[in-house]
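# Geometric and topological summary
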Protein chains: 2
Amino acid sequence: MRFSKTFLKTLRGAPKDEIARNGALLTRAGYIHKEMAGVYDYLPLGLKVIENIKNIIRDELNKLGCEEVLMSSLQNPEPWEKTGRFSDQEVDIWFKTELSSGGVLGLAPTHEEPITELLKSYVSSYRDLPLYIYQFQTKFRNELRAKSGILRGREFLMKDLYSFHASEADLDRFYAEVENAYRRIFARLGIGDSTFETFASGGIFSKYSHEFQTFLPVGEDTVYYNADKSIVLNKEVLNEEVLRDLGVSRKELSETTAAEVGNIFKLKFKYSEPLGLKYIDEENSQKTVYMGCYGIGVSRLMGVIAEKFADEKGLVWPESVAPFKYYLVGIGENGVQAAEKFYASHEHETFYDDRDVRPGEKFADSELIGLPYRIVFSDKTLAENAAELTSRQTGKTELIKISDL
Amino acid sequence: MRFSKTFLKTLRGAPKDEIARNGALLTRAGYIHKEMAGVYDYLPLGLKVIENIKNIIRDELNKLGCEEVLMSSLQNPEPWEKTGRFSDQEVDIWFKTELSSGGVLGLAPTHEEPITELLKSYVSSYRDLPLYIYQFQTKFRNELRAKSGILRGREFLMKDLYSFHASEADLDRFYAEVENAYRRIFARLGIGDSTFETFASGGIFSKYSHEFQTFLPVGEDTVYYNADKSIVLNKEVLNEEVLRDLGVSRKELSETTAAEVGNIFKLKFKYSEPLGLKYIDEENSQKTVYMGCYGIGVSRLMGVIAEKFADEKGLVWPESVAPFKYYLVGIGENGVQAAEKFYASHEHETFYDDRDVRPGEKFADSELIGLPYRIVFSDKTLAENAAELTSRQTGKTELIKISDL
């Protein structure tokens, strides 16, 4: 991408009400645009980050045999009423709206009810199971407050996966597969070292669920951890019984803040029972389908990664999610000529700052935008048949022979 | 994709209230699932068709230098109030909702207002223009009736492109480029022969806009055409003045029905003036930005293509949008072995019916699902070192040597 051809600019400031660092930096660097608190547009660079995150998740889920769909945002109340989740007393983050032909609809904050209903057309026998179905979808949550940039959205992108099984053992097996897939996903996203599977409350059918929490100063969750025992638990389950279960004492735990980037949940019959998702087993008797659900916050992840690695100069993207690998600058006539040549053969991985501005402004913008490597061609580097390569992460600069680029 | 591994099945019937052929066929063949009138889920095969359509559009728009973004669905009323489009009296298809922290929001039926507001952060000088920005977005329209399957959605997928210019001449230049890009898009989608640029009403600033109408028995629009003069016009502009402009008489026109698959519109100052999108020109004076907008109905196109080519046996997809190129069947032990071998090397383009059902059921499903080619391996074909290749469109079957596959 040529900087001169995109509508993007780096901006001097973010909106006054943007108090979150991720929101402010991503706005100034031209990745997002704030529509209102918790509601953002994704600009070309930001959309590329989102697509990179999605592709890593998609790749790992497809390896497990998961199938991708796209469900609707508009929700008929009926199935949600059967599970008791349509009333604002039970679920207080609904956006609701009215059909002009009459009747209330909701905007889906999650999709357990409609996917369970949908599967009633497709599951009848044990031979149809197991099934794993996921989507990348815009979710809506009517949050009272949303002041954390894209860490907490009223409209946000999520990956949600639902699994369907004939037995609890098979649910357990797949749950463990997803745990491993999630570890691979967060590792590939560059936050594997700081993202931990965390005990959280389980609900009706399971004692625990698991969250994946990325330790982060601005995270909205409080978690307790013991590094030696590899135990992390959410504050919500910090009680005597849980400490006994996990074999750890309160004194052995340290407190920190974290951002929840994923969660996995054994739903068992929570939705399949009230909605009547049944199958016929080998003995010809009718059974209820076991379910699990597995979320990852896609747009939140973009904010978490931004917060995690940013420094005083701007964003610092891991290579796997960066919109481009290289930020390219040519200085002087010969430098520009060499940069053009490099760009011609590396267009897809290069953001080329071909603007008619002084090098200092390009260098400052390269640091704000945060691509992994800056490449500079100038008379000085060309005298050595080389380019200057600077790592955004380490700040280290080296001369690389053009033939080695 | 293996039929035995997907949750999809072909269904005997569609929902009772599904009176549109596209909705019924796409449901029975496992492409979509109806949530309510005008609201559908896209299942794995359907999502592939949608992605294929998007990729053709994206490819042609990127060639024009257009940049992709993703804007929000939740809309702040403010800019829409400035253009007079937030009141239900002016625009009667809004879905509206309320923020729990107070205030009404809308669900975007289109995005002229927010894109114009967004560009105020990025456009200040004539040097910033022209710009072309598009997105693929879920749009919401609170239709009183929605009985045409995915031809008329309350929640649907659209591509919308907005262009920004310093002069009317430049808007005219780009408008003509989009006209050509649209012709290429509809040609690549397999409906070029039946899709016509159609005169439609222009609004405040332009005498005409242009629609792209695909002639279709179940289309909701009425158009008049003269094939010899290559003139098509929407019923809404059939009056003496327009006939005079176009140099055609009422008698020379035939009437037919059509589905609008795209529209292009010279907005000029319609949104930039009330919202204050200005730039400084070469003479340092402030001018208003010229705008154009260009839509394509992505999910509607899937329905139009389904309606256009379907026959009494089921769907018939053009190769460019088909979810897979081949529907693969192996008959008998040797046939299955040869099919497995073919599948191993053509996985990405093949839907492999590896179910344990009789060949007749596979053949019927292959016709319902409508992939371009059915490939059958059996003892009979293998005796000739060949496979049987049947075109879904022509029904013609031929033996193809395995080495030529």
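Analysis parameters
Residues numbered from 1 in each chain as written. Chains lettered and ligands numbered in written order. Predicted model: local features only at pLDDT ≥ 70, side-chain atom pairs only at ≥ 80, totals over all residues. Helix = DSSP H or I, 4+ residues; strand = E, 2+ residues; numbered from the N terminus. Buried ≥ 20, exposed ≤ 12 C-beta atoms within 10 Å, placed from the backbone. Contact = placed C-beta atoms within 7 Å. Nonpolar A, V, L, I, M, F, W, Y, C, P; charged D, E, K, R; others polar. Least-squares fit on C-alpha atoms with pLDDT ≥ 70 in both. Pairing = 2+ DSSP bridges. Axes fitted to C-alpha atoms, helices over the stretch in contact; angles between N-to-C directions. Domains from an automatic or database assignment. Parallel < 35°, antiparallel > 145°, perpendicular 65-115°, else oblique. Left-handed = near helix turned anticlockwise from the far one by under 90°. Right-handed = clockwise from strand over helix to strand, strands pointing away. pLDDT = per-residue confidence, 0-100.

Right, let's talk about the overall build of chain A for a bit. In terms of helices and strands, chain A carries 11 helices and 21 strands. Projected onto its principal axes, the C-alpha coordinates of chain A cover approximately 80 × 60 × 45 Å. Of all 405 residues assigned to chain A, the portion counted as buried reaches 49%. Long-range contacts, defined here as pairs at least 24 residues apart, represent 67% of the contacts in chain A between residues at least 6 apart.

In this section: the interface of chain A and chain B. Where the parts come together, the accessible area they lose is often given as the size of the interface. Of the residues lining the interface, 43 residues belong to chain A; the matching set on chain B comes to 43 residues. Elements that contribute at least two residues to the side of chain A that touches chain B include exactly β1 (32–36), β2 (39–42), α2 (44–63), β3 (67–68), β5 (95–98), α4 (112–119) and β7 (131–140) of chain A. The dominant element in the side of chain A that touches chain B, judged by the number of residues it contributes, is β2 of chain A, at 4 residues. The residue inventory of the side of chain A that touches chain B, partitioned by class, reads 22 nonpolar, 12 polar and 9 charged.

Mapping chain A onto chain B leaves a residual RMSD of 0.0 Å; the transformation is a rotation of 180 degrees accompanied by 0.0 Å of translation along its axis. Accordingly, the operation relating the two chain copies is best matched by a two-fold axis. Scanning chain A for the C-alpha nearest the rotation axis identifies Thr 97 of chain A, at a separation of 2.5 Å.

All names here are of chain A. The strand order β18-β17-β19-β20-β21 describes an open sheet built from 5 strands, whose pairing is mixed. The strands lining the two open edges of the sheet, one partner per strand, are β18 (350–352) and β21 (397–401). Strand after strand, the sheet turns through a mean of 30 degrees between neighbouring axes, direction not considered. One ladder, built from 5 bridges, connects strand β20 (residues 386–391) with β21; its direction is antiparallel. Its bridge partner being in β21, Leu 389 is matched across the sheet by Glu 398.

Moving on, we get to the sheet that holds strand β18 (residues 350–352) of chain B. Picture the strands of a sheet paired through backbone hydrogen bonds; they go either parallel or antiparallel. All names here are of chain B. Spatial ordering of the open sheet is given by β18-β17-β19-β20-β21, a layout of 5 strands whose pairing is mixed. Looking at which strands have only one partner, the edges of the open sheet turn out to be β18 and β21 (397–401). Pairwise comparison of adjacent strand axes, ignoring direction, gives a mean angle of 30 degrees for this sheet. Alignment of strand β17 (residues 326–330) against β18, held across 3 bridges, turns out to be parallel. Bridge pairing in β18 places Tyr 326 opposite Thr 350.

Moving on, we come to helix α10 (residues 359–369) of chain B. Residues and elements named next belong to chain B. Those residues of α10 not exposed but buried are Lys 362, Asp 365, Ser 366, Glu 367 and Ile 369. Turning to α10, the residues buried within the fold contact β17 and β19 (373–377). Positive phi appears at Gly 370, one or two residues downstream of α10, with a value of about 80 degrees.

What follows is about the domain arrangement of chain A. Per the domain assignment, the segments making up chain A are domain 1 (21–309) and domain 2 (326–404). Averaged C-alpha coordinates put domain 1 of chain A and domain 2 of chain A at centres separated by 40 Å.

Quick look at the environment of Asp 17 of chain B now. Residues and elements named next belong to chain B. Mapping Asp 17 onto the fold places it in the segment before α1 (21–28). Under the C-beta neighbour-count criterion, Asp 17 is labelled exposed, with 10 such atoms within 10 Å. For the pair Asp 17 and Lys 147, spaced 130 residues apart in sequence, the C-alpha to C-alpha distance is 8.4 Å.

So, about the packing of helix α2 (residues 44–63) of chain B against helix α8 (residues 298–309) of chain B. Residues and elements named next belong to chain B. For the pair α2 and α8, interaxial distance at closest approach is 10 Å and the crossing angle is 110 degrees. One way to sum up the angle between α2 and α8 is to call them roughly perpendicular. α2 and α8 meet at a crossing whose hand is right-handed. Contact residues: Val 49, Ile 50, Ile 53 and Lys 54 in α2; Val 298, Ser 299, Leu 301 and Met 302 in α8.

Two faces make up the sheet, and in a regular strand the side chains alternate between them. Little of β21 of chain A is tucked away, with 0 of its 5 residues classed as buried. Between β20 of chain A and β21 of chain A, which follow one another and run antiparallel, lie 5 residues, and Gly 395 of chain A among them has a positive phi close to 80 degrees.

This part is about unusual backbone geometry. Each neighbour pair has its own omega, and for Leu 129 of chain A with Pro 130 of chain A the value is 0 degrees, a cis peptide bond. Structurally, the position occupied by Pro 130 of chain A is in the loop between α4 and β7. Even without being a glycine, Lys 268 of chain A presents a positive backbone phi close to 50 degrees. With respect to the helices and strands, Lys 268 of chain A occurs in strand β13 (residues 254–268). Its 20 C-beta neighbours within 10 Å are what place Lys 268 of chain A among the buried residues. A positive phi angle is found at Asn 385 of chain B, which is not glycine, with a value near 55 degrees.

Residues and elements named next belong to chain B. Of all 5 residues that make up β17, 5 are buried, and the element is covered over most of its length. Burial along β17 is two-sided: Tyr 326, Leu 328 and Gly 330 facing one way and Tyr 327 and Val 329 facing the other are all buried. Between β17 and its parallel partner β18, the chain crosses via helix α9 (residues 332–345), and the hand of that crossover is right-handed. Pairing analysis gives 5 bridges linking β17 to β19, with the strands arranged parallel. By the bridge assignment for β19, Tyr 327 is matched with Arg 374.

This brings us to helix α1 (residues 21–28) of chain A. Residues and elements named next belong to chain A. Of all 8 residues in α1, 6 are buried, a share of seventy percent or more. Looking at α1, one finds that the buried residues are Asn 22, Gly 23, Leu 25, Leu 26, Thr 27 and Arg 28. Where α1 is buried, its residues touch β1, α2, α8 (298–309) and α10 (359–369). Phi turns positive one or two residues past the end of α1, at Gly 30, with a value near 85 degrees.

A separate point is the confidence of the model for chain A. Residue-level pLDDT values for chain A average 96, and 100% of them are 70 or greater. As scored by the predictor, the complex reaches a pTM of 0.97 and an ipTM of 0.97.

Along the chain, the position of Gly 65 of chain A falls in the loop between α2 and β3. The spatial distance from the C-alpha of Gly 65 of chain A to the C-alpha of Leu 131 of chain A is 8.5 Å, given a sequence separation of 66 residues. Sequence-distant contacts of Gly 65 of chain A, that is, excluding residues within four places in its chain, are made with Tyr 132 of chain A together with Lys 5 of chain B.

Residues and elements named next belong to chain A. By secondary structure assignment, the location of Glu 18 is in the segment before α1. It is 8.3 Å that separates the C-alpha atoms of Glu 18 and Ser 148, two residues lying 130 residues apart in sequence. Those residues within four positions of Glu 18 in sequence are excluded, and the remaining contacts are Gly 23, Ala 24, Thr 27, Lys 34 and Gly 149.

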